[in-house]
Amino acid sequence: MSWQGIIHTYRQYLPFDETVRVITLNEGNTPLIRADRLAETIAPKAGLKLYLKYEGLNPTGSFKDRGMTAAITQAVHEGAKTVICASTGNTAASAAAYAARAGLRCLVLVPEGKIALGKLAASLAYGAEVISINGSFDEGLDMVRDIVTRQPIVLVNSINPWRLEGQKTGSFEICDQLDGRAPDWHCLPVGNAGNITAYWLGYQQYGKGLPRILGGQAAGAAPIVTGQIVPKPETIATAIRIGNPARWRQALQALDESGGIITAVTDADILASWSLLAKLEGVFVEPASATGLAALKQQIEQGAIDPVGKTAVCVLTGHGLKDPGTAVDQAQPPQTIPANIDALEAYLQQRV
Ligand SMILES: *Cc1c(COP(=O)(O)O)cnc(C)c1O
């Protein structure tokens, strides 16, 4: 049978009422791509089996769709007419799409000027009411938390437990795709810490073994690494530009229980890994998505992770087309030549 999304596929692991009307865009079932060239680059001759879980191939281009199908399905079941979220962009796009499909009004609060172009474009196209706030993601989250105590609106940020229920299915897929075994290391970016929490829940529930979790934060937005709220987080990886993660405590628990590691990587490290993914493996992601790989590379270099014979999965959380601006800024502009064969040949010779 063809794939019908994560709720239909993993229904037995999800606490939905039997009568729910499932709101789905057939999300999930994303590829787990073996990355041998990349493995050889970050851990030469170690026999590291490195895999990329390409979550950018979800319907709105990020893993948020796994959680959103669950949150919107439950919201509709409870009779909601309006949903709201604060977002660095991907939650907004995902909420907007699933709300459109369910016929709900959708409000999204985004930090002014700090949302990547592809995310804004999609949220607007799906018909969400995009409200730009003169403040950070964290301030937006405080606002939406308050408004739902005063108005009949459902909050679909990852403090909504249904988001975690949906997102934990990523672990199930990884185990299925690795022939029924969890990897040794599970590497991912950490922003608001919903995803790290959800993956850990998923591995525990599925019973196919437990990985150690490696979380990466951007150095300019690394509250869990430093143990301090960051009042003005800064990083090129806008999806993880968060100074006070809502799931901070659960993230620490996942790290502790899994024997995991949380580490900070610089924007330069993130962009270096972002470039390796595209140029060595043909996988184009938004900058935040490269943070798990940057963390793995760093920990191998520092000797904290022994890669020999290990299996590691890096979750690539969002698609590269989400943030075309960064991609263009990082590249040389294309060279223009006259439209004739001699010019093309001259170009080829000049480049050898
Ligand atoms: C939301 C998001 C993250 C961070 O996930 P959290 O659950 O907030 O930790 C990382 N990368 C991308 C592309 C995202 O959209």
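Residues numbered from 1 in each chain as written. Predicted model: local features only at pLDDT ≥ 70, side-chain atom pairs only at ≥ 80, totals over all residues. Heavy atoms only, no water.

Moving on, we get to helix H4 (residues 90–102). The periodicity of an α-helix, 3.6 residues per turn, causes residues three or four positions apart to be oriented the same way. For H4, with 13 residues, the first-to-last C-alpha span of 18 Å sits near the 18 Å given by 1.5 Å per residue. Counting buried residues in H4 gives 11 out of 13 residues, a clear majority hidden from the surface. Check the buried side of H4 and you find it contacts helix H3 (64–77), strand S3 (82–86), strand S4 (105–111), helix H5 (117–125) and helix H7 (161–167). (Helix = DSSP H or I, 4+ residues; strand = E, 2+ residues; numbered from the N terminus. Expected span 1.5 Å × (residues − 1). Buried < 20%, exposed > 50% of the residue type's maximum accessible area, 1.4 Å probe, protein only. Contact = heavy atoms within 4.5 Å.)

By domain assignment, the protein chain separates into domain 1 (6–61 + 163–329) and domain 2 (64–160). Each partner contributes to the interface: domain 1 provides 45 residues, whereas domain 2 provides 37 residues. Between domain 1 and domain 2 lies a buried interface of about 3300 Å² when both sides are counted; carbon and sulfur atoms form 52% of it. Three residues stand out in domain 1 for area buried against domain 2, namely Ile23, Arg163 and Lys322, and they jointly supply 26% of the buried area on that side. Counting across the domain 1 and domain 2 interface gives four salt bridges. Salt-bridge contacts for Glu55 lead to Arg66; the nearest nitrogen and oxygen are separated by 2.6 Å. Summed over the shared surface of domain 1 and domain 2, the number is 19 residue pairs in polar contact (both at pLDDT 80 or more). Looking at the side of domain 1 that touches domain 2, the elements with two or more residues in it are helix H1 (6–9), H7 and helix H8 (169–177). For the side of domain 1 that touches domain 2, the leading source of residues is H7, giving four residues. (Domains from an automatic or database assignment. Buried area = accessible area lost by both parts, 1.4 Å probe. Salt bridge = Lys/Arg side-chain N within 4 Å of Asp/Glu carboxyl O. Polar contact = N/O pair within 3.5 Å; in protein donor to acceptor, adjacent residues only side chain to side chain.)

Turning our eyes to something else, we now look at unusual backbone geometry. Residues apart from glycine generally show negative phi values, whereas peptide bonds are mostly found in trans. Of note, Asn29 is a non-glycine position whose phi angle comes to about 55 degrees, a positive value. A relative accessible area of 43% places Asn29 in the partly exposed class. With a phi close to 60 degrees, Asp179 is a non-glycine residue in the positive phi region. Along the chain, Asp179 falls in the loop between H8 and strand S7 (185–189).

This part takes up the pattern of salt bridges. Where charged atoms of side chains with opposite charge meet at close range, the side chains can pair. On inspection of all chains with the given rule, the structure shows 10 salt bridges. Here Glu173 ties to Arg66 by a salt bridge, and the two come within 2.9 Å at their closest N and O atoms. Residue Glu173 is found in helix H8, and its partner Arg66 is found in helix H3; the two are separated by 107 residues along the sequence. Relative accessible area serves as the criterion here: at 3%, Glu173 is assigned to the buried category. With relative accessibility at 1%, the residue Arg66 sits in the buried group. Glu165 is paired through a salt bridge with Lys168; the nearest N and O atoms lie 2.6 Å apart. In this structure, Glu165 and Lys168 share a single accessibility class: buried. In this structure, a network of salt bridges that share partners links the residues Lys53, Glu55, Arg66 and Glu173.

Applying the stated criterion across every chain yields a total of one cavity of 30 Å³ or more. Along the walls of the largest cavity sit 25 residues, with Phe63, Lys64, Gly191, Asn192 and Ala239 positioned nearest its centre. Elements represented by at least two residues in the lining of the largest cavity include exactly H4, H7 and helix H9 (194–206). By residue number, the principal contributor to the lining of the largest cavity is H9, which donates three residues. Looking at side-chain class alone, the lining of the largest cavity contains 11 nonpolar, 12 polar and two charged residues. Looking at the lining of the largest cavity, you find at least three residues from each of domain 1 (6–61 + 163–329) and domain 2 (64–160). (1 Å grid on protein atoms, 1.4 Å probe; cavity = no way out; pocket = protein on both sides within 12 Å on 5 of 7 lines; lining within 4 Å. Points joined across faces, edges and corners; volume = space filled by probe spheres on them. Nonpolar A, V, L, I, M, F, W, Y, C, P; charged D, E, K, R; others polar.)

This part is about the pairing of S4. Each regular strand displays side chains that alternate between the two surfaces of the sheet. For S4, the buried fraction is high: six of the seven residues fall into the buried class. One crossover worth recording links S3 to the parallel S4 by way of H4, and it is right-handed. Relative to strand S5 (residues 129–133), S4 runs parallel, the two being bridged by five bridges. Looking at the pairing, Val108 lines up with Val130 of S5. Read from S4 through H5 to S5, the crossover connection turns out right-handed. (Right-handed = clockwise from strand over helix to strand, strands pointing away. Pairing = 2+ DSSP bridges.)

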